[in-house]
Amino acid sequence: MENKKQLIETVHHRIQRAAACAGRSAEDITLIAVSKMKSVNDIIAAYEAGVRHFGENRAEELEQKSAALNDLKDLQWHFIGHLQSRQSMPIAKFAHCFHAIDRLKIANHLSRQLQELGHTLPVFIEVNVSGEQSKGGFDCADWENSHDQRGAFLDAVKTIAALPNLPVRGLMTMAPFNAPEADIRSVFRRLRQLSEWLNTELPELDARALSMGMSGDFEIAIEEGATHVRVGSAIFGGRR
Ligand SMILES: *Cc1c(COP(=O)(O)O)cnc(C)c1O
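Described below are features of the structure shown in this document. Nothing here was measured: the structure is a model prediction, and the numbers come from that model.

On to helix α2 (residues 40-48), then. Turning to α2, its buried residues number three or more, namely I43, A45, A46 and Y47. Just downstream of α2, G50 is the residue with a positive phi angle, here 110°.

What follows is the structure in C-alpha cells.
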C-alpha cells in the first residue's frame, strides 16, 4: 500500500519535472494508471493514493472491474486497447473515454450503441505515424509528404466527428519499443504536428488532446505535448 503511494508520487514528480522542462503546467496532463492484468485491490490502492483515471485493454476485464468498483463514483475508465465490434458493448456502457478508434467500422458501431444507451463517449483517434506493421491506427506514416494520405485521414476524421454521441477529443499513438530516444521523440512530435494541422483544417473540431507516452517514454511525450499519459508498469510493476 505504502509502496504504491510512493510509486505514484514518483510518477507525479516525473510528470512535473518534464512539464516544467517544457514550460507546461502539470495540471494540463492527465495521468492514466494502466491497470490491465492487475487486481481490483491494486486499483483500490492507487485510488486511495489519489489516482482517478484507470486504463484497461480487455472488454471483459473492464466490465468485471467496473462492476466491482461501482461504488467509486469519480473513478474514470479509459479503454486503451484495440476493440472488436462484438466486444464493444461493455465499452459503450462502462468506459468514460476510448483511446483507440482505429477504423471507421468501430466508430460507427460504438456510435449506434451509445445512442441506444443514451451515453456519450469521448474518443481519441489512433494514428500510426511510425509505419511499424505491428502498430494499429490510421496510417499516417508519411502524412507530411503524401497528399493522399493526409486527405484520407482528414476524411476519416470528418466522418467520425459527424457521428452522434462520439465526440473526438484528439489523437493517440504508441511509440516504437526499445528505439533510440530520437526516434521516439520524432513519433511524438509528428503526432503533435499532425494534430496541429488537423485542427487548422477543421477549426470547429477542437480535438487538441494528445494521448501518448507510457512508463518508458512519458517524459519525452510530455515534452512533445502529451495531455494524457498511459502509465502501467511504473505504477503497478511488471505484468508477467
Ligand atoms: C499496456 C499499455 C500501456 C502501459 O504500458 P507500460 O509500459 O506498462 O506503462 C500504455 N498504453 C497502451 C495502449 C497499453 O496497451
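Moving on, we get to the environment of M212. By the element assignment, M212 lies in the loop between β8 (209-211) and α8 (218-223). M212 sits in the buried class, given a relative accessible area of 0%. A sequence separation of 17 residues divides M212 from V229, and the C-alpha atoms of the two residues are 5.5 Å apart. Not counting residues up to four positions away in its chain, the partners in contact with M212 are T173, F188, L191, A221, E224, G225, A226, H228, V229 and R230.

The ligand sits among V34, K36, I80, M174, M214, S215, R230, V231, G232, S233 and R239. The side chain of K36 places a nitrogen or oxygen atom 2.7 Å from an oxygen atom of the ligand. Here S215 contributes a side-chain N or O atom positioned 2.5 Å from an oxygen atom of the ligand. Relative to its unbound accessible area of 390 Å², the ligand is 89% covered by the protein chains.

Before going further, it helps to spend a moment on the side chain of K36. Summarising the element assignment, K36 is placed in the loop between β1 (30-34) and α2. The buried charged residue K36 lacks any salt bridge, with E56 as its nearest oppositely charged partner at 8.7 Å. For K36, the residues in contact, after removing those within four places along its chain, are G55, E56, N57, E61, K65 and R239.

Looking now at the pairing of strand β4 (residues 97-101). Most of β4 sits out of view: five of its five residues are buried. Examined bridge by bridge, strand β3 (residues 76-79) and β4 share two bridges and lie parallel to one another. Of the residues in β4, the one forming a bridge with H78 is C97. With helix α4 (residues 89-94) bridging β3 and the parallel β4, this β-α-β connection has right-handed handedness. When β4 meets strand β5 (residues 123-128), the two strands line up parallel, connected through two bridges. Across the sheet, F98 pairs through a bridge with V123, a residue of β5. With helix α5 (residues 104-117) bridging β4 and the parallel β5, this β-α-β connection has right-handed handedness.

What follows concerns the side chain of R230. Relative to the helices and strands, R230 resides in strand β9 (residues 228-231). D217 provides the closest opposite charge to the buried, salt-bridge-free R230, at an N-O distance of 6.9 Å. Within the structure, R230 has its side chain in polar contact with the backbone oxygen of T173 (distance 3.3 Å). Those residues in contact with R230 that sit more than four places away from it in its chain are I32, V34, I80, H99, M172, T173, M174, S211, M212, G213, M214 and S215.

One finds F54, I101, L110, F153 and L194 to be the most contacted residues of the largest nonpolar core, which totals 70 residues. When near neighbours in sequence (up to four residues on either side) are disregarded, F54 contacts I32, A33, S35, I43, A46, Y47, L75, Q76, W77, H78 and F236.

Quick look at helix α7 (residues 181-201) now. Each α-helix turn comprises 3.6 residues. Residues three or four places apart therefore point the same way. For α7, spanning 21 residues, the distance from its first C-alpha to its last is 30 Å, which sits close to the expected 30 Å at 1.5 Å a residue. For α7, every residue scored as buried is listed here: I184, R185, V187, F188, R190, L191, L194, S195, W197, L198 and N199. For α7, the secondary structure elements touched by its buried residues are β5, α6 (147-161), β7 (168-172), β8 and α8.

This next bit is on the pairing of β5. Successive residues of a regular strand alternate their side chains across the two faces of the sheet. Of all six residues in β5, six are buried, a share of seventy percent or more. Alternating residues of β5 divide into V123, I125 and V127 and F124, E126 and N128, and every residue in both groups is buried. As defined by bridge partners, β5 adjoins β7 across four bridges and the pair is classed as parallel. By the bridge assignment, V123 is partnered in β7 with V168. Pairing analysis gives two bridges linking β5 to strand β6 (residues 138-139), with the strands arranged parallel. Considered in β6, the bridge of V127 is made with F138.

Each value, and the rule that gives it
- One numbering rule holds for all chains: residues counted from 1, following each sequence as written.
- Where local features are concerned, this predicted model is filtered to residues with pLDDT of at least 70; where side-chain atom pairs are given and counted, the filter is 80 or more; whole-chain, interface and lining totals use all residues.
- Excluded from the side-chain calculations are hydrogens and water; all other atoms, namely the structure's heavy atoms, are used.
- Residue burial is assigned from relative accessible area. The probe radius is 1.4 Å, only protein chains are included, and a residue is buried under 20% of its type maximum, exposed over 50%, and partly exposed in between.
- Helix numbering and strand numbering both begin at the N terminus, where a helix is a DSSP run of H or I of at least 4 residues and a strand a DSSP run of E of at least 2.
- Throughout, a residue-residue contact means that at least one pair of heavy atoms, one from each residue, lies within 4.5 Å.
- For each residue, the test is whether any non-hydrogen atom lies within 4 Å of the molecule or strand; if one does, the residue is near.
- Here a polar contact means two N or O atoms within 3.5 Å. Within protein one must be a hydrogen donor candidate and the other an acceptor candidate, and residues neighboring in sequence count only if both atoms are side-chain atoms.
- Using a 1.4 Å probe, the Shrake-Rupley method yields the accessible areas, and only the shown protein chains count as cover for residues.
- We treat Lys and Arg as the positive residues and Asp and Glu as the negative residues; His and chain ends play no part in the count.
- Salt bridges are counted wherever a side-chain nitrogen of Lys or Arg sits within 4 Å of a carboxyl oxygen of Asp or Glu.
- Following DSSP output, two strands are said to pair if at least two bridges run between them.
- Looking down the strands as they point away from the viewer, one classifies a crossover as right-handed if the path from the first strand across the helix to the second runs clockwise.
- Nine residue types can take part in a nonpolar core, namely buried Ala, Val, Leu, Ile, Met, Phe, Trp, Tyr and Cys, and a core is a set of them joined through side-chain atoms within 4.5 Å.
- Here the expected span of a helix is defined as 1.5 Å times the quantity of residues minus one.

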